[in-house]
Amino acid sequence: MKTETTIQGLTASLSPAKAARKIIGFVPTMGNLHEGHLNLVREARKLCDVVVVSIFVNPIQFGPNEDFDNYPRTLERDQQLLADVGCDIVFAPTVEQMYGNQPRLTNISVNNITDDLCGAQRPGHFDGVAVVVTKLFNMVQPNFAFFGQKDYQQLAVIRQFVRDLNIPLEVIGVPITRAADGLALSSRNGYLSPEHREIAPVIYQSLQTAAQQLTSGTALSDALNTIRATLTDAGFVVDYVEARSPELQKVDSFNQDVVLFVAAKIGKTRLIDNLQVKFTAS
Ligand code: PAF
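Residues numbered from 1 in each chain as written. Predicted model: local features only at pLDDT ≥ 70, side-chain atom pairs only at ≥ 80, totals over all residues. Heavy atoms only, no water.

**A word on the layout of surface pockets**
Thought 1: Roughly 230 Å³ of volume is contained in the second largest pocket.
Thought 2: The wall of the second largest pocket is formed by Ile113, Gln149, Tyr152, Leu155, Ala156, Arg159, Gln160, Arg163, Pro246 and Glu247.
Thought 3: Within the lining of the second largest pocket, the residues separate by chemical class into 5 nonpolar, 2 polar and 3 charged. (1 Å grid on protein atoms, 1.4 Å probe; cavity = no way out; pocket = protein on both sides within 12 Å on 5 of 7 lines; lining within 4 Å. Points joined across faces, edges and corners; volume = space filled by probe spheres on them. Nonpolar A, V, L, I, M, F, W, Y, C, P; charged D, E, K, R; others polar.)

**Notes on the site of the ligand**
Thought 1: Close to the ligand lie Pro28, Thr29, Met30, Asn58, Gln61, Val129, Val132, Val133, Phe147, Asp151 and Gln154, which account for all nearby residues.
Thought 2: A distance of 2.6 Å is found between an oxygen atom of the ligand and a side-chain nitrogen or oxygen belonging to Gln61.
Thought 3: Here Gln154 contributes a side-chain N or O atom positioned 2.7 Å from an oxygen atom of the ligand.
Thought 4: Coverage of the ligand by the protein chains reaches 88% of its 290 Å² of free accessible surface.
Thought 5: Mapped onto the shell around the ligand, the elements with two or more residues apiece are strand E2 (24-29) and helix H6 (125-140).
Thought 6: Here the shell around the ligand gets 3 residues from one element, more than from any other, and that element is H6.
Thought 7: Residue classes in the shell around the ligand are distributed as 6 nonpolar, 4 polar and 1 charged. (Near = heavy atom within 4 Å. Polar contact = N/O pair within 3.5 Å; in protein donor to acceptor, adjacent residues only side chain to side chain. Areas by Shrake-Rupley, 256 points an atom, 1.4 Å probe, with all protein chains shown as cover. Helix = DSSP H or I, 4+ residues; strand = E, 2+ residues; numbered from the N terminus.)

**Observations regarding the packing of helix H9 (residues 202-215) against helix H10 (residues 220-234)**
Thought 1: The N-to-C vectors of H9 and H10 enclose an angle of 160°; their axes lie 9 Å apart at closest approach. Taken together, the axes of H9 and H10 are roughly antiparallel relative to one another. Like other packed secondary-structure pairs, H9 and H10 cross with a definite hand, here right-handed. In contact with Val202, Ile203, Ser206, Leu207, Ala210, Gln213 and Leu214 of H9, H10 contributes Leu220, Ala223, Thr226, Ile227, Thr230, Leu231 and Ala234.
Thought 2: When grouped by side-chain class, the residues that make up the contact of H9 with H10 number 10 nonpolar, 4 polar and no charged. (Axes fitted to C-alpha atoms, helices over the stretch in contact; angles between N-to-C directions. Parallel < 35°, antiparallel > 145°, perpendicular 65-115°, else oblique. Left-handed = near helix turned anticlockwise from the far one by under 90°. Contact = heavy atoms within 4.5 Å.)

**Things to note about empty space enclosed by the protein**
Thought 1: Summed over the entire model, instances satisfying the criterion amount to 1 cavity of 30 Å³ or more.
Thought 2: One number sums up the size of the largest cavity: a volume of about 40 Å³.
Thought 3: Contributing to the lining of the largest cavity are Leu183, Ala184, Ser186, Asn189, Ile203, Leu271, Ile272 and Asp273.
Thought 4: The biggest single contributor to the lining of the largest cavity is strand E9 (residues 269-277), with 3 residues.
Thought 5: Along the lines of polarity and charge, the residues of the lining of the largest cavity split into 5 nonpolar, 2 polar and 1 charged.

**What about the nonpolar core?**
Thought 1: Judged by nonpolar contacts, the single largest core of 45 residues is most densely connected at Phe137, Ile158 and Phe161.
Thought 2: Counting residues in hydrophobic clusters, the runner-up holds 31 residues, among them Ala179, Leu183, Leu260 and Ile266. (Core = buried A, V, L, I, M, F, W, Y, C linked by side-chain atoms within 4.5 Å. Buried < 20%, exposed > 50% of the residue type's maximum accessible area, 1.4 Å probe, protein only.)

**Section: the pairing of strand E6 (residues 170-174)**
Thought 1: Of the pairings in the sheet, the one linking strand E5 (residues 144-148) to E6 comprises 5 bridges and is parallel in character. Bridged to Phe146 within E6 is Ile172.
Thought 2: Traced from E5 through helix H7 (residues 152-164) to E6, the parallel crossover comes out right-handed. (Pairing = 2+ DSSP bridges. Right-handed = clockwise from strand over helix to strand, strands pointing away.)

**Focus: the sheet that holds strand E3 (residues 50-55)**
Thought 1: The sheet built from 6 strands is open, its strands ordered E1-E4-E3-E2-E5-E6 with parallel pairing. Each edge of the sheet is formed by a strand with only one pairing partner; in this case those strands are strand E1 (2-4) and E6. Mean inter-strand twist for the sheet, computed between neighbouring axes without regard to direction, equals 25°.
Thought 2: Both E1 and strand E4 (residues 89-91) contribute to a ladder of 3 bridges, which runs parallel. Bridging from a neighbouring strand, Thr3 pairs with Val90 of E4.
Thought 3: Most of the contacts of H6 go to E2, to which it runs at about 150°, and overall it touches E2, E3, E4 and E5.
Thought 4: Contacts between H7 and the sheet are confined to E5 and E6, with E6 contributing the most and set at about 170° to the helix.

The quantities given are spatial measurements derived from coordinates; they are silent on function.
Right, dumping it as structure tokens:
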């Protein structure tokens, strides 16, 4: 496995694979890797000849009061984990390498599906994701790119601009990887105190309970209220509890497949999760 820190180095490392028309798989990450990321790499390994993983904590997707400075940077450990799962090239550029010294005057803004959920809570976040992911796509020029379904709205945003801008690659969404107690894996779980880590699985438990309620006839608004109450009782501060169609359109009853979304803070740590509930007409 090679690590490249410059765009030139990346291009040079990829050129034999490109010349041989190998299938290139790409997993963009911000590092501090966990099993969720490694599962993305494993999926890429199954479908592709060459697997590239980027590690870049992208400043322009963090709000002014978010955790950019403190975001965990664990490059050596990440490299070891990636070597073990068969990654071929790690791309770990500096901020300067990615953004240069000239002002950036171009933005990529996906409308409508970014208006609410995390988009409403984190102004500019998805623009920052769209810009960095587009830049990385242009640098790597992969055939397939892999993203986790935990960041469901992010995945929808990426699918949308890839389609709208005719970016020539296929986006693959990979199911959420969970800890044994159900907590969706996230680099931000590392911020949790032992006490908060014990409470954190309540998010997934409340989603599962709501899914059961919906399939046994409880009204959607009641199921969402139960999630809110359960989280508040457990000590969370709820950012949002919402239901959407799989395409992120508003829904007001459970008469089609829905995705339940939660964002909630425990202490200072903001966690998100989602669960798709299938509708079967009876
Ligand atoms: O999901 C992430 O880790 C980041 O948002 C991504 C896609 C790597 C862009 O910085």
